[in-house]
Amino acid sequence: GSITLTINGVNILLSGVSGHITINSELHDAYKDAALMNNNMQGDFPALPPGKNTISWSGNVTCVEIQPQWRWL
């Protein structure tokens, strides 16, 4: 279905989602398993700056997961 994901007041519109979708902000790709779904996404790839972030969604969503990709130097 269609999902609106809002992060820090910025909307990301996702269409044609069935099951799950992964949004990888580092690679600038949206995909489901091995299938690219960039054409199903409207909006900029999200950024989560340090500190508090506001995240909300609407549509047929049962779960939102955020997986950090930590780095240390």
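From a predicted model like this one, the values you see are computed outputs, not experimental measurements.

Colleague: Help me get a handle on the overall build of the protein, residues and values and all.
Modeller: Along the protein, the regular secondary structure elements total 0 helices and 7 strands. When the helices and strands of the protein are read in sequence order from the N terminus, they spell out β-β-β-β-β-β-β. Taken over C-alpha atoms, the radius of gyration comes to 12 Å for the protein, in line with the 11 Å a tight globule of 73 residues would show. Considering only C-alpha atoms, the protein reaches an extent of 40 × 25 × 20 Å along its principal axes. When each of the 73 residues of the protein is scored for burial, the buried share is 18%. The contacts of the protein with a sequence gap of at least 6 include a subset with a gap of at least 24, amounting to 42%. About 5700 Å² of surface is accessible on the protein, with carbon and sulfur atoms providing 53% of the total.

Colleague: Tell me about unusual backbone geometry, and please be specific about residues and values.
Modeller: Residues other than glycine seldom take positive phi values, yet Asn-8 does so here, at roughly 50 degrees. As for its placement among the helices and strands, Asn-8 is situated in the loop between strand E1 (3-7) and strand E2 (10-14). Its identity is not glycine, yet Asp-33 carries a phi of approximately 55 degrees, on the positive side. In this fold, Asp-33 is placed in the loop between strand E4 (29-32) and strand E5 (35-36).

Colleague: Account for the sheet that holds E5, naming residues and giving values.
Modeller: Spatially, E3-E4-E5 is the arrangement adopted by the 3 strands of the open sheet, whose pairing is antiparallel. Looking at which strands have only one partner, the edges of the open sheet turn out to be strand E3 (22-24) and E5.

Colleague: Give me the lowdown on the nonpolar core, citing residues and values where you can.
Modeller: Counting residues in each nonpolar core, the largest one holds 10 residues, listed as Ile-3, Leu-5, Ile-7, Ile-12, Leu-14, Val-17, Ile-21, Ala-30, Met-37 and Met-41. Secondary structure elements with two or more residues in this core: E1 and E2. Element by element, the count of residues in this core is highest for E1, at 3 residues. If we ignore the near neighbours within four places in the chain, the residues touching Ile-21 are Leu-14, Ala-30, Tyr-31 and Met-37.

Colleague: Run through the sheet that holds E1, naming residues and quoting values.
Modeller: Note: strands within a sheet are paired through backbone hydrogen bonds, in either parallel or antiparallel orientation. One open sheet holds the 4 strands; their spatial order is E6-E2-E1-E7, and the pairing between them is antiparallel. Each edge of the open sheet is held by one strand with a lone partner, namely strand E6 (41-42) and strand E7 (55-59). Where E2 lies against E6, 2 bridges are found, and the strand directions are antiparallel. When the bridges of E6 are listed, Leu-14 appears paired with Met-41.

Conventions adopted
- Residues numbered from 1 in each chain as written.
- Predicted model: local features only at pLDDT ≥ 70, side-chain atom pairs only at ≥ 80, totals over all residues.
- Heavy atoms only, no water.
- Helix = DSSP H or I, 4+ residues; strand = E, 2+ residues; numbered from the N terminus.
- Rg over C-alpha atoms; globule rule 2.2 N^0.38 Å.
- Buried < 20%, exposed > 50% of the residue type's maximum accessible area, 1.4 Å probe, protein only.
- Contact = heavy atoms within 4.5 Å.
- Areas by Shrake-Rupley, 256 points an atom, 1.4 Å probe, with all protein chains shown as cover.
- Pairing = 2+ DSSP bridges.
- Core = buried A, V, L, I, M, F, W, Y, C linked by side-chain atoms within 4.5 Å.

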